[in-house]
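Next come the chains, spelled out residue by residue.
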Amino acid sequence: MAALETIRTRFGIGISIIIAISLLLFILDNNTLSKWFSGDNAKAHQVAVIDGESVTIEEFNVQVENLKDLYGGTHSADQEKQIREEAWQTFINKLLFVKNAEKAGIRVGAAEMKDITAGDHISPVIAQNFGTDPAVLSNFIEQNEKGWSYIYDLVRTNQYYAKYNALFVNSAVNAPLFLNKAIEENNVTANVDMVMVPAGFIQDTTINVSSSEIKKYYKEHKKFFKQVESRDIEYVLIEVVPSDADVEAAEKDFNNLYTDFQAQELGNVANFLLRNSSEVSYDAFWYKAGELNTVSREVNDYAFADKPAEVSPVFKSGNSFLAARVMATATRPSEIKVKVAPMESEELTAEVEAAVDAAEATPVTQAIKWAEPLFSAPLNKTQVVELPGYGMVAAKVVEVGEKALMKQVAVLKKTAIPSKETFGNFYSQANTMQSRSNGKLADFKSAAEELGLYVHTQNNILRNTERFGAVDNARELSNWAFKAKKGHVSDIITVNQTYFFVAALTNVHKEGYAPVSEVAEPIRNVLYMEKAVEKKAAEVAEKMEGTLSLEEVAERLGTTVSNRENIAFSSLSSQSVDPAFIGAVAAAKEGELCGPVKGANGVYVFRVNSRETNSFYTEDDAAANSDRIMQYSLQTILPVMMQDADVKDNRARFF
């Protein structure tokens, strides 16, 4: 102990802390230490906490990879994003929704699953993916056991949703008393003469809102100031665009390609476009007149001219150059109805013909590539067609939609891109902006002003915010904002090799309740308007004393009388009218001078001239409105569950 005292005296509190930790490590067992030191590490791996259960990034990625395997092939960035969203929904369903549905007494048993997957009441999930032919589903199950396991769970979850929604809908009783009241309120309308006096467009310096009043309002309405974690930033955006020299060079290159494009045989055109990286690939799509406007109006006009040239002239659109060739012309339907049946061999037997006739007719468009031969097939004659991934099927066209003139069109398109020199010039501008900012907000604003660059403001950005103005996929900017300190300026952030951002973090909003200081100004505005309306109401009441008519009131107030018709005490009508005014009208007697009525932004004095009872709003209308309200309520079920379970979504930290 004496030795410890000597060390403490000579080396101070720092060494004392080290000694304390050492003694603590000696006392505690390994399991306790493991729990302590693994706690933060475990949180670092949490992609979510759903109803108290943790989902690690490893578990989440396993689900994502399973979905990728199920869908097969390669996936674009957008498709991967959709797959991650589907994986997220899978965990929400499993750990939250299904648990809550079962707490409500809902069950989906084995017998029920058999019935909706292979029985008489096929689930919409099965019908949409495999149709009504059991053979198609059986073939999939044999070839993809893992995929079937996922779809089976999806069918089961879908059944839970259907039952829960049915329970929710059927529990809502639309009492006849309320129904009749809604019909009455919608059918009784009033014709009203009125005077509206605004509380004032110019700030009234005699009206004061104290700090104590703001704090009191905040305390009474605190639940409205709950917020998620977010950031406020200001940023300068510099877009890299081709210079005039870049556009001229691109035009020269395109003209050389155009000569080769003209010389190609029709059978070589698709490969030519592919080899030369045309921005519009040839996919043998049949276009109707007007549909090519999405590519270029000039291309559409060329293709559907009375006698189009073999190759169009060169068209310029912005910094892009285009040329087109009509590959084929036909009068054909845009949709057909087809009956399909599986085949065990390529022979059209009587049994196969019977199966085709018994099948349900399905609408098919040219988006279904395997069905292309059927668009030129005879009506009601069975054809053998290859269905990719399945084999040969028998198909019969039983109905043909309206026919129209269509064209297959190949389009050569190239857009001028910035040269290295151009890119360097824009980067130099961004670098100047960043260096002059000196990492400080004040210098950032000064630098932007000196360089003539516009400063954009974007408040309340989240960790997963990707869009800033017109720029998408700018997640790196939000990632920086959540790591930076208030008042700091970013380095140059490059997005898609096209945009340079230089940003400054102006504010940090922590999860929880916004502090009074952040919401003081909007609260002040609310309280100011309340006081302004109160003051204006007192002024109007004083000027109204002794008046007998609305016209006399208007004269004293220096305004005029206006008229409003068809004012009803209804949530569906008079939406642009102040609710306080509507309520006062509903309670007023005909012919009486009423007011002043304090509204949201001013004061009303009015007279109900007449009321009319109509019958245009029926029981069906009331029921339809009730259904709309119910549908909205159904959409809020899952968000309310997530809020109640305090779901923590940390995906933005990982993706």
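In this convention, every chain numbers its residues from 1, walking through the sequence in written order. Residue-level local features of this predicted model are given only where pLDDT is at least 70; pairs of side-chain atoms are given and counted only at 80 or more, and the full residue set underlies all totals for whole chains, interfaces and linings. Side-chain calculation: all heavy atoms of the structure are included, whereas hydrogens and water are not.

Undergrad: Got a sec to walk through the sheet that holds strand β12 (residues 391-400)? Specific residues and values, please.
TA: A pair of strands is treated as paired once DSSP finds two or more bridges between them. Secondary structure follows DSSP: runs of H or I at least 4 residues long count as helices, runs of E at least 2 residues long count as strands, and numbering of each begins at the N terminus. Pairing is antiparallel across the open sheet formed by 4 strands, whose spatial order is β10-β9-β12-β11. Because the sheet does not close on itself, it has two edges, and the strands there are β10 (362-365) and β11 (383-387). Across the sheet, the axes of successive neighbouring strands diverge by a mean angle of 50°, strand direction being ignored. Relative to β12, β11 runs antiparallel, the two being bridged by 5 bridges. Considered in β12, the bridge of leucine 387 is made with glycine 391. All axes here are fitted lines through C-alpha atoms, helices being fitted over the stretch that makes contact, and every angle between N-to-C directions spans 0 to 180 degrees.

Undergrad: With reference to specific residues and values, describe the nonpolar core.
TA: Among buried residues, those of type Ala, Val, Leu, Ile, Met, Phe, Trp, Tyr and Cys that are joined through side-chain atoms within 4.5 Å constitute a nonpolar core. Partly exposed residues are those whose accessible area sits between 20% and 50% of the maximum for their type, while under 20% is buried and over 50% is exposed, using a 1.4 Å probe and protein chains only. Core analysis: the largest hydrophobic core is formed by 40 residues, its most contacted members being Ile50, Val55, Phe60, Phe97 and Ile151. By residue number, the principal contributor to this core is helix α4 (residues 77-103), which donates 10 residues. In contact with isoleucine 50, other than residues within four places in its own chain, are Val55, Trp88, Phe91, Ile92, Leu95, Leu96 and Val647. Judged by nonpolar contacts, the second largest core, of 26 residues, contains Ala199, Ile207, Tyr217 and Leu557. Note on contacts: a residue pair qualifies if any of its non-hydrogen atoms lie within 4.5 Å across the two residues.

Undergrad: Tell me about the packing of aromatic side chains, residues and numbers included.
TA: Describing an aromatic ring pair means giving the distance of the ring centres and the angle of the ring planes. Only Phe, Tyr and Trp rings are paired, with Trp represented by its six-membered ring, and only when their centres lie within 6.5 Å; those with planes under 30 degrees apart are stacked, over 60 edge-to-face, the remainder tilted. Scanning the model with the defined rule gives 16 aromatic pairs in all. Relative to phenylalanine 225, the ring of tyrosine 218 has its centre 5.4 Å away and its plane inclined at 20°; by these criteria the two rings are stacked. Comparing tyrosine 218 with phenylalanine 225, the two get one shared label, buried. Considering the side-chain rings of phenylalanine 468 and phenylalanine 501, the 6.3 Å spacing of their centres and the 65° angle between planes classify their relative orientation as edge-to-face. On the criterion of sequence distance, the pair formed by phenylalanine 468 in the loop between β14 (455-461) and α17 (475-483) and phenylalanine 501 in strand β16 (residues 499-509) is long-range, its members being 33 residues apart. Judged on exposure class, the residue phenylalanine 468 and its partner phenylalanine 501 are both buried. Through successive ring pairs, a cluster of aromatic residues spans Phe60, Phe91 and Phe655.

Undergrad: Got a sec to walk through the packing of α4 against helix α21 (residues 619-644)? Specific residues and values, please.
TA: Two measures define how a pair of helices packs: the angle their axes make with one another and the distance between the axes. In the contact formed by α4 and α21, the axes pass within 11 Å of each other and the chain directions differ by 85°. Considering their axes alone, α4 and α21 lie roughly perpendicular with respect to each other. Across the interface between the two elements, Trp88, Gln89, Ile92, Leu96, Phe97 and Asn100 of α4 pack against Leu638, Met641 and Met642 of α21. Lys, Arg, Asp and Glu make up the charged group, whereas Ala, Val, Leu, Ile, Met, Phe, Trp, Tyr, Cys and Pro make up the nonpolar group; the residues left over, Gly among them, are polar. Tallied by class, residues from the contact of α4 with α21 come to 7 nonpolar, 2 polar and no charged. Geometric relationships in this document are graded by angle, where less than 35 degrees denotes roughly parallel, more than 145 denotes roughly antiparallel, 65 to 115 denotes roughly perpendicular, and other angles denote oblique.

Undergrad: Run through helix α16 (residues 441-451), naming residues and quoting values.
TA: Within α16, burial applies to Phe444, Ala447 and Ala448. What you see down the axis of α16 is that its buried residues fit within an arc of 100°, all on one side. α16 presents Ala442, Glu449 and Glu450 as exposed residues on the side facing more than 90 degrees away from its buried surface. On its buried face, α16 sits against β5 (230-239), α15 (420-437), β14 and β16. Once α16 ends, the next one or two residues include glycine 452, with phi positive near 70°. By definition, the arc is the one covered by directions from the helix axis to the C-beta atoms.

Undergrad: Please set out the pairing of strand β8 (residues 320-333) residue by residue, giving values where relevant.
TA: Counting buried positions along β8 gives 10 out of 14 residues, so the element sits mostly inside the fold. Remark: 2 residues form the turn of the hairpin made by strand β7 (residues 315-317) and β8, two consecutive strands paired antiparallel; glycine 318 in that turn has positive phi of roughly 65°. By the bridge criterion, 13 bridges tie β8 to strand β13 (residues 403-415) in an arrangement that is antiparallel. Bridging from a neighbouring strand, threonine 329 pairs with lysine 407 of β13.

Undergrad: I'd love a proper account of unusual backbone geometry, names of residues and values included.
TA: Along the chain, glycine 595 connects to proline 596 via a cis peptide bond; the corresponding omega equals 0°. Its place among the elements puts proline 596 in strand β19 (residues 593-598). The phi dihedral of glutamine 497 is positive, around 55°, even though this residue is not glycine. Of note, glutamine 497 is situated in the loop between β15 (493-495) and β16. Here glutamine 497 falls in the exposed class, since its relative accessible area comes to 56%.

Undergrad: Before we move on, could you go through the sheet that holds strand β2 (residues 53-56) and cite the residues and values that matter?
TA: The strand order across the open sheet built from 3 strands is β2-β1-β21, with neighbouring strands paired in antiparallel fashion. The sheet is open, and its two edges are formed by β2 and β21 (648-649), each paired on a single side. One ladder, built from 2 bridges, connects strand β1 (residues 46-50) with β21; its direction is antiparallel. Note on β21: the bridge partner recorded for valine 49 is lysine 648. Strands β1 and β2 of the sheet are contacted by helix α3 (residues 57-71), whose axis makes an angle of about 65° with β2. Against the sheet, α4 engages β1, β2 and β21, with an angle of about 20° to β1.

Undergrad: Break down α3 for me, with residues and values.
TA: Residue count minus one, scaled by 1.5 Å, sets the expected span of a helix. Taking 1.5 Å per residue, 15 residues should reach 21 Å; α3 reaches 21 Å between its end C-alpha atoms and fits that length. Among the residues of α3, those classed as buried are Ile57, Phe60, Gln63, Val64, Leu67 and Lys68. Angularly, the buried residues of α3 cover 140° about the axis, an arc narrow enough to put them on a single face. Elements in contact with the buried residues of α3: β1, β2, α4 and α8 (145-170). Backbone geometry just after α3 places glycine 72 at a positive phi near 70°.

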